[in-house]
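# Summary of structural features
This is what each chain is made of:
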Amino acid sequence: MGIGILAGVVVGAFAVLIGVFKMMWRVAEPNEALIISGSNHKNEGLGAGMGFRIVTGRGTLVLPGVQAVRKLSLDLNETQLSVECVTHQGIPLKVRGVVIFKVGDDFVSIANAARRFLDQQKLMSERVHIVFAGHLRAIVGGLTVEDMIRDREKLTGQARSACGTEMEKLGLIVDSLQIHEIEDPTGYIKNLAAPHAAAVQRDARIAQAEANRRATEAEQQAAARMSEATRDSEILQAGYQAERDEATAKARQAGPLADAASRQEVVVQETRVAELEGHRKEQQLQAEVRKPADAMAYETRTLAEAERDARISAAEADAKETELASAAMATATRLTGEAEAAAQHAKGLAVAEATRAKGLAEAEAIKARAAALAENQEAVVAQQLAEKWPEIVSAGASAFGNVDQMVLLNGADGMADVFAKALTMGGTGLGLARQLLSTMNPAGQERLGAVPPAPRAAEKSVEITVSDGE
């Protein structure tokens, strides 16, 4: 609560300060000057103790109730001049013009204008009119009408110079002074212009007459030139007409001449056609008679020459072919004989070499076998039996080849007996092989032959019945 009251008091005090500042702060616009009175101030260019202060183009603080602030306009003002004057010649005139003025920008001019017009600024134009009216009367009284008419700038300059000191005391400056019109109620200016007007009128008439004369001469010259041009034109037209007539006559004669030329050209063309026809017939005879005959003769001669050349070439070719065939046959016969002889020789050598190699191989085998039997007879027998074992087993099994039905007694024992008998039959061959090997001499002159086949059983049906325990 206390903080809120304090904040409110601060805000209120700040607002009061702003209000007081706005009441005390004054700003001078660019087209005005502030005149602040109520205290002694020193301004640049002014004496001390003037009793007021001047502010332009900026702001300043003013104490309300102590100091008073008023504004002096620095805008342009104008006043219309309408002054009745009398010239040095005693001729009354009425001068009309305009004066544009304003308060000076320096503090001295502003101070002078403030002392004289601060509360009467609307009366500035009237005061300026009075000042200029008096000076214009004095200036015009020393001039003639001719001076005023011929040199208005002189009148303006003298008026500004005469009023300059008084306008400076009023704190005003003249931006522009223009004399618009000088009225002459007596007609002096009009009469003054009459001689000049008459002279001008005279000169104008003379000039008009001279112009008329020159115009007449020019018209005559133009008419002469026109006649000359007409003559030349007619001459040219006559020449053109003559050329046209000549061209017409030539055109009329051109028809018969063209017909004659056309007939002549026709005759010439017919003659050329006849010549071309004769030439064509000659060419036709050349093409249809002479050239075919020449071609036939050339063909006959060419065929005869070709046939003769062909026969000669054929005879030469046959002779060459016979010679080449004989030489080829002789060469072939010689080469065939040589090849057959070489083949027989190579074949004999090969047979001899094969026989020799076979004999050497058999001798080496017998020698090796004899050495093996001498060293380890059992190993050789075992090897031979191993080599012939499939034939031995086959011979033993052949005993059962024709058995359709077999009855085995005593179960498994009966089956074992049967197979033992079969193997015994095969073993007979084994014993025989051993006896033969034992009877062989050490030189190996006899070789182990094939295992004799086992005696075959009678080809009959044997029924074998297997019975357990019976």
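All figures in this text were calculated on a predicted structure; none of them were measured in a lab.

Attention shifts here to the pattern of salt bridges. The tally for this structure, following the rule as stated, stands at 14 salt bridges. Of the charged contacts in the structure, one is a salt bridge between Arg 231 and Asp 232, with a shortest N-O distance of 3.1 Å. Three or more residues joined by partner-sharing salt bridges are found here, namely Glu 210, Arg 213, Arg 214 and Glu 217.

Let us look at the sheet that holds strand E3 (residues 52-56). Taken together, three strands build an open sheet; the order of strands is E3-E2-E5 and the sheet is antiparallel. The sheet terminates laterally at E3 and strand E5 (68-73), the two strands that pair on one side only. The sheet shows a mean angle of 25° between the axes of neighbouring strands, taken without regard to direction. Summarising the sheet, strand E2 (residues 32-37) and E3 pair through five bridges and their orientation is antiparallel. Residue Ile 36 lies in a different strand from E3, and its bridge partner there is Arg 53.

Before going further, it helps to spend a moment on the pairing of strand E7 (residues 92-103). The pairing of strand E6 (residues 77-86) with E7 spans ten bridges and is antiparallel. From the neighbouring strand, Asn 77 faces E7, where its bridge partner is Phe 101. Linking E6 back to E7 in an antiparallel pair, the connection comprises five residues, with Gly 90 at a positive phi of about 85°. Pairing geometry for E7 and strand E8 (residues 172-183), over ten bridges, is antiparallel. Bridging across to E8, Lys 94 finds its partner in Glu 183.

If you trace the three strands from one edge of the open sheet to the other, you get E6-E7-E8, paired in antiparallel fashion. Single-partner strands in this sheet number two, and they are E6 and E8. For this sheet, the mean inter-axis angle between neighbouring strands, taken without regard to orientation, is 20°. Each of E7 and E8 is contacted by helix H5 (residues 152-169), which is oriented at about 145° to E8, the strand it contacts most.

Take the side chain of Thr 87 next. Take Thr 87: it is sitting in the loop between E6 and E7. If we ignore the near neighbours within four places in the chain, the residues touching Thr 87 are Leu 93, Val 140, Gly 141, Leu 143, Val 145 and Met 148.

Right, let's talk about the nonpolar core for a bit. Formed by 42 residues in total, the largest nonpolar core has its most connected members in Leu 72, Phe 132 and Leu 172. With eight residues, helix H3 (residues 124-141) is the largest single contributor of residues to this core. If near-sequence neighbours (up to four positions away) are discounted, Leu 72 is found in contact with Asn 31, Glu 32, Ala 33, Ile 35, Val 103, Ile 110, Ala 113, Ala 114, Leu 118, Gln 121 and Met 124. One finds Ala 28, Leu 34, Ile 36 and Val 62 within the second-largest nonpolar core, a separate group that totals five residues.

Looking now at the packing of H3 against H5. H5 packs onto H3 with a crossing angle of 130° between their chain directions and a minimal axis gap of 9 Å. Here H3 lies oblique to H5, going by the angle between them. As for the relative orientation of H3 and H5, their crossing is right-handed in sense. Contacts between H3 and H5 involve Val 128, Val 131, Phe 132, His 135, Leu 136, Ile 139 and Val 140 from the former and Leu 155, Gln 158, Ala 159, Ala 162, Cys 163, Glu 166 and Met 167 from the latter. Of the residues that constitute the contact of H3 with H5, the class distribution is eleven nonpolar, two polar and one charged.

Procedures and definitions
Residues numbered from 1 in each chain as written. Predicted model: local features only at pLDDT ≥ 70, side-chain atom pairs only at ≥ 80, totals over all residues. Heavy atoms only, no water. Salt bridge = Lys/Arg side-chain N within 4 Å of Asp/Glu carboxyl O. Pairing = 2+ DSSP bridges. Helix = DSSP H or I, 4+ residues; strand = E, 2+ residues; numbered from the N terminus. Axes fitted to C-alpha atoms, helices over the stretch in contact; angles between N-to-C directions. Contact = heavy atoms within 4.5 Å. Core = buried A, V, L, I, M, F, W, Y, C linked by side-chain atoms within 4.5 Å. Buried < 20%, exposed > 50% of the residue type's maximum accessible area, 1.4 Å probe, protein only. Parallel < 35°, antiparallel > 145°, perpendicular 65-115°, else oblique. Left-handed = near helix turned anticlockwise from the far one by under 90°. Nonpolar A, V, L, I, M, F, W, Y, C, P; charged D, E, K, R; others polar.

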